[in-house]
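Listed below, chain by chain, are the residues.
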Amino acid sequence: MSHIMPDRVADLIPSQRPKPADPAVAPFAVALFSASRRPDSQILAAAEMADVERDLKLLRPLASVEDRGDRETLLARYAAADKHLSAVPLRQSTAVLS
């Protein structure tokens with residue numbers, strides 16, 4: 001791969017412009033290893049966020065007052081879990097010392 005100066009990227013023809021990298025999905029074993037090194041509260045908060053995302057898809061698009069209340073409750077649960085995960089440093093050491 002050649003090194004291109006950032007100001008020259010815009011001058012390239014579209015077929016020569018570097019493509020952004022696709023996010024790589026971690027294999028299950030890597031995700032399990034990473035999860036085993038995290039505190040239980042972080043794992044529970046991530047599971048709570050996934051549950052809320054699933055439940056939000058089940059709600060009708062604000063059909064009634066009860067649905068709006070349920071949606072607000074779900075968004076509050078999501079925000080609380082997100083706040084808990086945001087308070088934790090993004091990169092934690094998962095290095096295995098020999």
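As a starting point, this report considers the structure included with it. Predicted model only: the values in this text are computed from it and were never measured. (Residues numbered from 1 in each chain as written. Predicted model: local features only at pLDDT ≥ 70, side-chain atom pairs only at ≥ 80, totals over all residues. Heavy atoms only, no water.)

1. Topic: the overall build of the chain
Summing up its helical and strand segments, the chain has three helices and zero strands in all. Counted from the first residue to the last, the chain has its helices and strands arranged as α-α-α. Counting every position in the chain, which comprises 98 residues, the buried fraction comes to 9%. Within the chain, contacts between residues separated by at least 24 positions form 56% of all contacts whose residues are at least 6 apart in sequence. (Helix = DSSP H or I, 4+ residues; strand = E, 2+ residues; numbered from the N terminus. Buried < 20%, exposed > 50% of the residue type's maximum accessible area, 1.4 Å probe, protein only. Contact = heavy atoms within 4.5 Å.)

2. A short note on the pattern of salt bridges
Under the counting rule described, the total for this entry stands at three salt bridges. Residue arginine 54 pairs with aspartate 51 through a salt bridge whose shortest N-O separation is 3.3 Å. Of the two residues, arginine 54 and aspartate 51 both sit in helix α2 (residues 40-58), three residues apart, roughly one turn of that helix. The exposure class assigned to aspartate 51 is partly exposed, which follows from its relative accessible area of 30%. (Salt bridge = Lys/Arg side-chain N within 4 Å of Asp/Glu carboxyl O.)

3. Regarding the environment of glutamate 53
Here glutamate 53 is to be found in helix α2. Classification of glutamate 53 as partly exposed rests on a relative accessible area of 41%. Note: C-alpha distance between glutamate 53 and leucine 74 (21 residues apart in sequence) is 8.5 Å.

4. Focus on α2
Taking 1.5 Å of rise per residue, 19 residues should cover 27 Å, and α2 covers 27 Å from first to last C-alpha, within 8% of that figure. If you check which residues of α2 are buried, you get Gln42, Ala45, Met49 and Val52. Buried residues of α2 fall within an arc of 80° about the axis and therefore sit on the same side. Across from the buried face of α2, at angles greater than 90 degrees, the exposed residues are Asp40, Leu44, Lys57 and Leu58. Buried residues belonging to α2 abut α3 (65-86). (Expected span 1.5 Å × (residues − 1). Arc of directions from axis to C-beta.)

5. Digging into the packing of α2 against α3
Relative to each other, α2 and α3 sit at 150°, their axes nearing to 9 Å. The angle between α2 and α3 places the two elements in the roughly antiparallel class. Handedness of the α2/α3 crossing: left-handed. Contacts between α2 and α3 pair Ser41, Gln42, Ala45, Ala46, Glu48, Met49, Val52, Glu53, Asp55 and Leu56 from the former with Arg71, Leu74, Leu75, Arg77, Tyr78, Ala81, Asp82, His84 and Leu85 from the latter. Looking at the contact of α2 with α3 residue by residue, the classes come out as ten nonpolar, three polar and six charged. (Axes fitted to C-alpha atoms, helices over the stretch in contact; angles between N-to-C directions. Parallel < 35°, antiparallel > 145°, perpendicular 65-115°, else oblique. Left-handed = near helix turned anticlockwise from the far one by under 90°. Nonpolar A, V, L, I, M, F, W, Y, C, P; charged D, E, K, R; others polar.)

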